[in-house]
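These are the residues of each chain, in order.
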Amino acid sequence: MEADQADRVKQTALEWLPVLAGMDLFSDLAPSELQLVAREMELISLSQGQFLIRQDDPGDSLYVILEGQFLVTRRNDRGEEVHLNRVDPGTCVGEIALVTGERRSASVRADRDSIVARLGKDAVEHARRMAPQVAARLARIIVERLQRAELRSLLFFGDQFKGMSQAVLKDLEAEMELMLCPSGGCLMREGDECDGSYVVVSELGRGQTVGEIGILTGGKRTATVCAIRDTLMAKLSVEAFERLLRKHPHELVKHFAGAVINRLWTQTLGKARDKNSVVTIALIPAGNNVPLTDFSRRLAEALSGHGPTLLLNSDLLGEYLSSKEIAQTPLDDADNLSIACWLNHQESAYRYILYQTGSAPSEWTKRCLRQADRVLLVGDAASPARKEEIEETLLSDPIYRKLPKSLVILHQGNVACERTEAWLREREVRYHYHVCPSDAHDMARLGRLASGNGVGLVLSGGGARGFAHIGAIRALREAGIPIDKVGGSSMGSIVAGMTALRWDYRTMIDQARAFNYRMDYTYPAVALTTGNNITRQLKKGFGEQKIEDLWISFFCVSTDLNSSRQGVHDRGLLWKYVRASMSVPGLFPPVIEGNSFLVDGAVFNNMPVDVMRSQDDIGPLIALDVGAPVRLETETRIEGSFSGWQALTRKLIPAARSLALPSLTKTLMASWLIKSDEAKETMQNLADFYLRFPVQEFGLLDFNRVKEIAERGYAYTSEKLAEWDRDSAGLPKLHGKDE
């Protein structure tokens, strides 16, 4: 038997052409093309028990089983060998290695004496030089097989389709058509007729579906959906859905209707972002003299704390794929398929992938942008803020213009930030971050924000009760809980500003005590006070500090009386917008900006958790609420009308008993909190950690009790922090104190 097998191995693969032609992998090749591939094959004989492939060995070839049988096994995390399946003649194994070059994920051992044909990378390269069209065709076929295998894996092993029977999944797979939606391409447009439903097969957004409403109702598209990056999709046409519906009505309706309900529910809660999807980020220099390589390495280290992270630049890609110039392969080149497939394959192994570009437009830069789902522009604070070629040309291209962009401004040391306005004026970005690359805390903060795990803190309004926020922030810092973004309303905006300035507890207390809260009353043509005193105090405390120059990202909210809308302020003079955010209507004059009359944010939104939650760089969100109900008490009965002169007379006559009435100031401040109380439950549900402080005993105007109120906030927060399970809830913790 062994001698006979040895003689058969001496044959060439050309004599096995009928077997090769019957295989799926080679069935689309013309006879002449198949002969060319066969000439590059090497026949190998294996005895029973002999390994063809060992798990974790380097992958450099595929094998075609011509005769015999093999066992496929894999060692699990405990070192136990798990049997996966058997493979018979006509089967191909190891083809992923030709595309990805990765180590073997399983072992393949001969279960009986067998013969295989080996096609190595060198042979494929030789075929590519001899007949490029054949090698490209073979690569395309392998990639299509891999894509179909990805769809099969998603359907049979993904969480999105669990609960569906094997029979339904097999029929579903057979009906689905794979398609690649290019970066910038529109999958569907609002108002179009529905032609089917789509599921994302690529690792980025894997398993997400779009178009279920249209396929269920037969109505027109309700939204426009465009691809941010090249995305592999599987389409289920309306006709295919109807065929499946007739065959499996219960399971089809349950799955597709459930997907719609789940999406609406998560969008209602404001927590629809999938925290487990892969994040791919293109790092692009903004301006000259950017130490991008060093920064990229530091960011990769920071991200690795949140999940497996891969950093790629043109040199590293060349090392991984054993080809120095491969990164500059044009997107329309035959080799592009294997590169794209290798890159997509990395997304199944890594949680975060950083694509570091060069300093000028290139094929690699284009590829980075096509693979990325977001862009970080990295600039040096000491350099001019103007755009350079890579921003002017590539990022203005319609293909890449829709990519969400953020700006990172690098500083040497924790110096005062300046000129941020110039950087933002030059480019449209969603967020901007100030970072000192050599500061581990700064890079950890950027790592959290870039990965969507930033810690957001929202502070409510509540008059003097807002001093409790100062104590709460002390407790958070002592517990090692970072604050990556902070926002507030009314009195919460003042403390949020202090936090964004990174003032310590003592400085906050001293500044709060130094604040002169005297009401400068005037003839009430616009308001009871002139507003001069509070404006002067805010200017004294915050100076000419601009919001965009703050190290910690900040926002505050106000209410525009003209438009009846909420204003969100994240740029401009800090004192000005804090002044707007705490301008109680009737008590202080509004801040007038153009046609906007800005008054207290608490009129519309006393605890702007929704604003913070809408920012997709935020993960855990902490909301601190000092807006306890205000009780206005009196022993005086007022039936329909009351003269203020009567109250004044009682005060001026010593023998008269004064009327126990709430002051106009207290009444105004109490009424300003009513509307916000209506939305409190919604805001509370949007937060991951919510604290409502027991501060009812303190009045809204008890501005002389700063330390006492702050200590109440500190004690209560410390107590509640001990009860929070940070690990299970995803709240990060710093090493050491953040003071």
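These numbers come from a predicted model, not from an experiment.

**As for the overall build of the chain**
Across its full length, the chain holds 30 helices and 28 strands. Counting every position in the chain, which comprises 739 residues, the buried fraction comes to 51%. The long-range fraction of contacts in the chain, counting pairs at least 24 apart against all pairs at least 6 apart in sequence, stands at 77%.

**Some remarks on the environment of His 126**
Within the secondary structure, His 126 sits in helix α5 (residues 121-130). It is 9.9 Å that separates the C-alpha atoms of His 126 and Val 37, two residues lying 89 residues apart in sequence.

**Some remarks on the sheet that holds strand β19 (residues 405-410)**
The strands making up a sheet associate through hydrogen bonds between their backbones, and the pairing can be parallel or antiparallel. Taking strand neighbours across the sheet as the criterion, the six strands line up as β16-β17-β15-β18-β19-β20 in an open arrangement whose pairing is parallel. Single-partner strands in this sheet number two, and they are β16 (309-312) and β20 (431-435). Across the sheet, the axes of successive neighbouring strands diverge by a mean angle of 20 degrees, strand direction being ignored. The sheet contact formed by strand β15 (residues 279-286) and strand β18 (residues 374-380) spans six bridges and is parallel.

**Describing a nonpolar patch on the surface**
Taken together, the side chains of Leu 561, Ile 592 and Phe 597 present a nonpolar region at the surface, about 270 Å² in accessible area. Locating Phe 597 in the fold gives a position in strand β26 (residues 596-600). Given a relative accessible area of 31%, Phe 597 falls into the partly exposed group.

**Comments concerning the packing of aromatic side chains**
For any two aromatic rings, the description comes down to two numbers: the centre-to-centre distance and the angle of the planes. Following the criterion strictly, the structure yields six aromatic pairs and no others. Taken together, a centroid distance of 5.7 Å and an interplanar angle of 35 degrees make the contact between Tyr 320 and Trp 342 tilted. Separated by 22 residues along the polypeptide, Tyr 320 in helix α12 (residues 314-320) and Trp 342 in helix α13 (residues 336-346) bring together distant segments of the chain. Of the residues examined, Tyr 320 reaches a relative accessible area of 42% and is grouped as partly exposed. Overall, the relative accessible area of 3% leaves Trp 342 in the buried class. Over the ring of Tyr 714 we find Arg 474; its NZ or CZ atom is 3.9 Å from the centre of that ring. Above the face of the Tyr 431 ring, Lys 485 is positioned so that its terminal group lies 3.9 Å from the ring centre.

**As for the pairing of strand β24 (residues 565-569)**
With five bridges connecting them, strand β23 (residues 553-560) and β24 associate as antiparallel partners. Within β24, the residue paired with Ser 558 across the bridge is Gly 567. Where β23 folds back on β24, the antiparallel hairpin that results is connected by four residues, among which Ser 564 adopts a positive phi of roughly 55 degrees.

**Here we look at the pattern of salt bridges**
Summed over all chains, the structure comprises 32 salt bridges. Taking the shortest distance from any N to any O, the salt bridge between Arg 75 and Asp 56 comes out at 3.1 Å. Of this pair, Arg 75 sits in strand β4 (residues 70-75) while Asp 56 sits in the loop between β2 (51-53) and β3 (61-67), and the two are 19 residues apart along the sequence. Its salt-bridge partner being Arg 705, residue Glu 708 comes within 3.0 Å of it at the nearest N-O pair. Relative accessible area serves as the criterion here: at 23%, Arg 705 is assigned to the partly exposed category. One continuous salt-bridge network, built from bridges that share partners, spans Asp 294, Arg 297, Arg 298 and Glu 301.

**Remarks on the side chain of Thr 529**
Mapped onto the elements of the fold, Thr 529 is located in the loop between α21 (505-514) and α22 (532-542). One polar contact links the side chain of Thr 529 to the main-chain carbonyl oxygen of Leu 587, over a distance of 2.6 Å.

**Some points on the pairing of strand β14 (residues 231-237)**
Residues in a regular strand point their side chains to alternate faces of the sheet. For β14, the tally of buried residues reaches seven of seven residues, placing the bulk of the element in the interior. Burial along β14 is two-sided: the face carrying Thr 231, Met 233, Lys 235 and Ser 237 and the face carrying Leu 232, Ala 234 and Leu 236 are both buried. Strand direction decides the pairing type here: strand β9 (residues 177-181) and β14, joined by five bridges, are antiparallel. Counterpart to Leu 180 in the pairing with β14 is Leu 232. Both strand β11 (residues 196-200) and β14 contribute to a ladder of five bridges, which runs antiparallel. Looking at β14, one finds that Ser 197 is bridged to Leu 236.

**A closer look at α22**
Asn 533, Ile 534, Thr 535, Gln 537, Leu 538 and Phe 542 are the residues of α22 that are buried. In this fold, the buried residues of α22 make contact with α20 (491-500), α21 and α23 (574-581). At the C-terminal side of α22, Gly 543 shows a positive phi close to 60 degrees.

**Thoughts on the packing of helix α19 (residues 468-478) against α20**
Close contact between α19 and α20 brings their axes to 10 Å; oriented N to C, the two are set at 35 degrees. The element α19 and its partner α20 pack so that their crossing is right-handed. Taken together, the residues of α20 that come into contact with α19 (itself represented by His 469, Ile 470, Ile 473 and Arg 477) are Gly 492, Val 495 and Thr 499. Of the residues contributing to the contact of α19 with α20, the split by class is three nonpolar, three polar and one charged.

**Some words on the sheet that holds strand β7 (residues 107-110)**
With antiparallel pairing, the four strands of this open sheet are ordered in space as β2-β7-β4-β5. Among the strands making up the open sheet, the edge pair consists of β2 and β5 (81-87). Between one strand axis and the next, the sheet turns by 30 degrees as a mean value, whatever way the strands run. With six bridges connecting them, β4 and β5 associate as antiparallel partners. The partner of Arg 74 across the bridge, within β5, is Val 82.

Criteria and thresholds
- Residues numbered from 1 in each chain as written.
- Predicted model: local features only at pLDDT ≥ 70, side-chain atom pairs only at ≥ 80, totals over all residues.
- Heavy atoms only, no water.
- Helix = DSSP H or I, 4+ residues; strand = E, 2+ residues; numbered from the N terminus.
- Buried < 20%, exposed > 50% of the residue type's maximum accessible area, 1.4 Å probe, protein only.
- Contact = heavy atoms within 4.5 Å.
- Pairing = 2+ DSSP bridges.
- Axes fitted to C-alpha atoms, helices over the stretch in contact; angles between N-to-C directions.
- Patch = residues over 30% accessible without salt bridge, like charges linked within 9 Å, V, L, I, M, F, W, Y side chains within 5 Å.
- Areas by Shrake-Rupley, 256 points an atom, 1.4 Å probe, with all protein chains shown as cover.
- Salt bridge = Lys/Arg side-chain N within 4 Å of Asp/Glu carboxyl O.
- Phe/Tyr/Trp six-rings, centres within 6.5 Å; stacked < 30°, edge-to-face > 60°.
- Lys NZ or Arg CZ within 6 Å of the ring centre and 35° of its normal.
- Polar contact = N/O pair within 3.5 Å; in protein donor to acceptor, adjacent residues only side chain to side chain.
- Left-handed = near helix turned anticlockwise from the far one by under 90°.
- Nonpolar A, V, L, I, M, F, W, Y, C, P; charged D, E, K, R; others polar.

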